[in-house]
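Each chain, written out:
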Amino acid sequence: MEQEFKKWRFPSSYVKIGEHPDDTLTRVMIDQLGMNNFKVERSRLVSYYYPSRRYPGEMHWDYCFINEVKSSEAPREKPWFKEIRYVHVQELKEEDFGSAQGALLELFRGQHQPL
């Protein structure tokens, strides 16, 4: 588990029971990135259906609400981050990510924009 947390991660969270995904985004932006003023430029929902690691023989479904946001504020490093910075998507590799987030890279390939 220690190695898992040494890898890259996108700012993210689970949607809490009864929480709207837009409220989850606001929570992530404020709590994880320290950014209060932002505008959603584009949103997208993707899903993954794959064999469960927790329950062998069962399938697992993940829904990912992906938002592209713009802000005049820079993200603020929190004590639990070793580093926070923008990296061009072409420099990233799937195996560099924790929590299977590297699978999301293919959504951004070819856009030639930093994540």
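Cut-off values and rules
- Residues numbered from 1 in each chain as written.
- Predicted model: local features only at pLDDT ≥ 70, side-chain atom pairs only at ≥ 80, totals over all residues.
- Heavy atoms only, no water.
- Helix = DSSP H or I, 4+ residues; strand = E, 2+ residues; numbered from the N terminus.
- Expected span 1.5 Å × (residues − 1).
- Buried < 20%, exposed > 50% of the residue type's maximum accessible area, 1.4 Å probe, protein only.
- Contact = heavy atoms within 4.5 Å.
- Salt bridge = Lys/Arg side-chain N within 4 Å of Asp/Glu carboxyl O.
- Core = buried A, V, L, I, M, F, W, Y, C linked by side-chain atoms within 4.5 Å.
- Phe/Tyr/Trp six-rings, centres within 6.5 Å; stacked < 30°, edge-to-face > 60°.
- pLDDT = per-residue confidence, 0-100.
- Polar contact = N/O pair within 3.5 Å; in protein donor to acceptor, adjacent residues only side chain to side chain.

Looking at helix H1 (residues 21–32)
For step 1, the next point in the chain: Over its twelve residues, H1 runs 16 Å from end to end, which matches the ideal 16 Å to within 8%, given 1.5 Å per residue.
For step 2, the next point in the chain: For H1, the set of buried residues is Thr24, Leu25, Arg27, Val28, Met29 and Gln32.
For step 3, the next point in the chain: Next to the buried residues of H1 lie strand E1 (39–51) and strand E2 (59–70).
For step 4, the next point in the chain: Looking at the residues trailing H1, positive phi occurs at Gly34, about 65°.

Side note on the pattern of salt bridges
For step 1, the next point in the chain: Considering all chains together, one arrives at four salt bridges under this definition.
For step 2, the next point in the chain: Here Glu73 and Arg76 are joined by a salt bridge, their closest N and O atoms 3.6 Å apart.
For step 3, the next point in the chain: Look at Arg76 and you get partly exposed, because its relative accessible area is 44%.
For step 4, the next point in the chain: Close ionic contact of Glu83 with Arg85 constitutes a salt bridge, the shortest N to O distance being 2.5 Å.
For step 5, the next point in the chain: Arg85 sits in the partly exposed class, given a relative accessible area of 46%.

So, the nonpolar core
For step 1, the next point in the chain: Grouped together as the largest cluster of nonpolar side chains are twelve residues: Phe10, Val46, Cys64, Ile66, Val87, Val89, Leu92, Phe97, Leu104, Leu105, Leu107 and Phe108.
For step 2, the next point in the chain: Among the elements of the structure, E2 and helix H2 (105–108) are those that each provide at least two residues to this core.
For step 3, the next point in the chain: At three residues, the largest contribution of residues to this core is made by H2.

Quick word on the packing of aromatic side chains
For step 1, the next point in the chain: Under the criterion given, the structure shown has three aromatic pairs.
For step 2, the next point in the chain: Relative to Trp61, the ring of Tyr49 lies with its centre 4.6 Å away and its plane at 50°, an arrangement referred to as tilted. Placement of Tyr49 in strand E1 and of Trp61 in strand E2 is noted, with a sequence separation of twelve residues between them.
For step 3, the next point in the chain: Of the aromatic side chains, those joined through ring pairs into one cluster are Tyr49, Trp61 and Tyr63.

Some thoughts on the confidence of the model for the protein chain
The predicted structure's coordinates, where accompanied by low pLDDT, should not be read in detail.
For step 1, the next point in the chain: Confidence along the protein chain averages 84 in pLDDT terms, with 90% of residues attaining 70 or more.
For step 2, the next point in the chain: Mean pLDDT values over the elements of the protein chain span from 78, in H2, up to 95, in H1.

Description of the side chain of Gln101
For step 1, the next point in the chain: By the secondary structure assignment, Gln101 is in the loop between E2 and H2.
For step 2, the next point in the chain: Here the side chain of Gln101 touches Phe10 through a polar contact of 2.4 Å, landing on its backbone nitrogen.
For step 3, the next point in the chain: Setting aside its immediate chain neighbours within four residues, Gln101 contacts Arg9, Phe10 and Ser12.

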